[in-house]
Amino acid sequence: MLSPYLDIIIRSLAVYFFMTIALRIFGKKELSQLNTADIILILLISNSVQNAMVGPDTSLSGGLIAALALFIINYIIKKLTHKYKILNNLLLDKPEILIHDGKLDFSALSKLDISHDELKEAMREHGIEFFADVKLAMLEIDGSISIISEDKKNLKQTHYKRKHNRKNLQKQS
């Protein structure tokens, strides 16, 4: 039989990998767009998997060991994804091109569920009126849309946070 603490570590690792896969499947665009329902979901998920991690051990030491196991595995995964490209590709999303040289990638927009109106809003936020004026628009790995304008005199990169289901728009330049 495993020691109770080793059991907690193994359970915590299993939950960590499950949550990593679930977030990978459900997409990156929602990560930077936390609304009330998303926060409630995160709290409920954390509560629902707590018992799966610590089992019958509800002691302080059991909780601390579970947390320590999560911190350690997260640190190791970050190091490994930086070192091994195949692991990085497996676990992390990639930026997606939405517009290149004024041409929209309709298949990417459809796959990512980004509407025409949302894309136009991102462009307007940065003073760009026409698609032809966009050199590059990307959905970044954090769920934001970044835009580089075609204006040769004032080439600038702008950054638009998707407000998907949010009341307050966050801008970054």
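Right above here is the structure, for reference.
Overview of the structure. Please read all numbers here as calculations on a predicted model, not as lab measurements.

Across its full length, the protein holds six helices and six strands. Counting only residues that meet the buried cut, the protein has 33% of its 173 residues in that class. Sequence separation of 24 or more characterises 57% of the internal contacts of the protein that already satisfy a separation of 6 or more. If you sum the accessible surface of the protein, you get close to 11400 Å²; carbon and sulfur atoms cover 65% of it.

Here strand β1 (residues 96-100) pairs with strand β3 (residues 134-139) via four bridges, running antiparallel. Paired with histidine 100 across the strands is leucine 136, a residue of β3. Sheet analysis places β1 next to strand β2 (residues 103-104), joined by two bridges and oriented antiparallel. Directly across from histidine 100, in β2, lies its bridge partner lysine 103. Linking β1 back to β2 in an antiparallel pair, the connection comprises two residues, with aspartate 101 at a positive phi of about 50°.

With that settled, the discussion passes to a nonpolar patch on the surface. A surface patch of nonpolar side chains, about 700 Å² in accessible area, is lined by Leu68, Ile72, Tyr75, Ile76, Leu80, Tyr84 and Ile86. For the nonpolar patch, the element with the most residues is helix α3 (residues 60-83), which contributes five residues. Inspection of the secondary structure assignment puts leucine 80 in helix α3. Judged by its relative accessible area of 31%, leucine 80 is partly exposed.

Now for the pattern of salt bridges. Counted by the stated rule, this structure contains three salt bridges. The partner of arginine 11 in a salt bridge is aspartate 7, and the shortest N-O contact between them spans 3.0 Å. With arginine 11 and aspartate 7 both in helix α1 (residues 4-26) and four residues apart, this pair spans about one turn of that helix. Of the charged contacts, one joins lysine 135 and aspartate 101 as a salt bridge, the two residues approaching to 3.7 Å between their closest N and O atoms. On the criterion of sequence distance, the pair formed by lysine 135 in strand β3 and aspartate 101 in the loop between β1 and β2 is long-range, its members being 34 residues apart. Take lysine 135: its relative accessible area is 34%, and that puts it in the partly exposed class.

Turning our attention to α3. Look at α3: 35 Å from first C-alpha to last across 24 residues, which is about the 34 Å you get at 1.5 Å a residue. Residues Gly62, Ala66, Ala69, Ile73, Ile77 and Thr81 constitute the buried set of α3.

Our focus in this paragraph is the pairing of strand β4 (residues 145-149). In terms of burial, β4 is a largely internal element, four of the five residues being buried. Sheet topology note: the β3/β4 ladder contains five bridges and is antiparallel. Of the residues in β4, the one forming a bridge with leucine 139 is isoleucine 145.

Locating asparagine 88 in the fold gives a position in helix α4 (residues 85-91). Looking at asparagine 88, its side chain comes within polar contact range of the main-chain oxygen of threonine 81, at 3.2 Å. Side chain to side chain, asparagine 88 and lysine 94 meet in a polar contact 2.9 Å long. The contacts of asparagine 88, once residues within four sequence positions are left out, are Thr81 and Lys94.

Attention shifts here to the nonpolar core. With 16 residues, the main nonpolar core has Leu98, Ile99, Leu119, Met123, Val134 and Ile147 as its most contacted residues. Taken together, the elements giving at least two residues each to this core come down to β1, α6 (116-125), β3 and β4.

The rules behind these values
- One numbering rule holds for all chains: residues counted from 1, following each sequence as written.
- Residue-level local features of this predicted model are given only where pLDDT is at least 70; pairs of side-chain atoms are given and counted only at 80 or more, and the full residue set underlies all totals for whole chains, interfaces and linings.
- Hydrogens and water are ignored here; the side-chain numbers use all heavy atoms of the structure.
- Here a strand is any run of E in DSSP of at least two residues, a helix any run of H or I of at least four, and the numbering for each starts at the N terminus.
- Burial here depends on accessible area, computed with a 1.4 Å probe over protein chains only, as a share of the maximum for the residue type. Under 20% is buried, over 50% is exposed, and the range in between is partly exposed.
- The criterion used for residue contact is that any of the two residues' heavy atoms lie within 4.5 Å.
- In this description, accessible areas are obtained by the Shrake-Rupley approach with a 1.4 Å probe, and a residue is regarded as covered only by the protein chains that are shown.
- At least two bridges found by DSSP between two strands is the condition for calling them paired.
- Residues qualify for a patch when their relative accessible area is over 30% and they have no salt bridge, like charges being joined within 9 Å and the nonpolar side chains of Val, Leu, Ile, Met, Phe, Trp and Tyr within 5 Å.
- Salt bridges are identified by distance alone: a Lys or Arg side-chain nitrogen within 4 Å of an Asp or Glu carboxyl oxygen.
- Between the first and last residue of a helix there are one fewer steps than residues, each counted as 1.5 Å, and that sum is the expected span.
- Two N or O atoms count as a polar contact when they lie within 3.5 Å, although within protein this holds only if one can serve as hydrogen donor and the other as acceptor, and sequence-adjacent residues are included solely when both atoms are side-chain atoms.
- Side-chain atoms within 4.5 Å are what join buried Ala, Val, Leu, Ile, Met, Phe, Trp, Tyr and Cys residues into a set we call a nonpolar core.

Without other data, these values stay purely geometric and don't point to any function.
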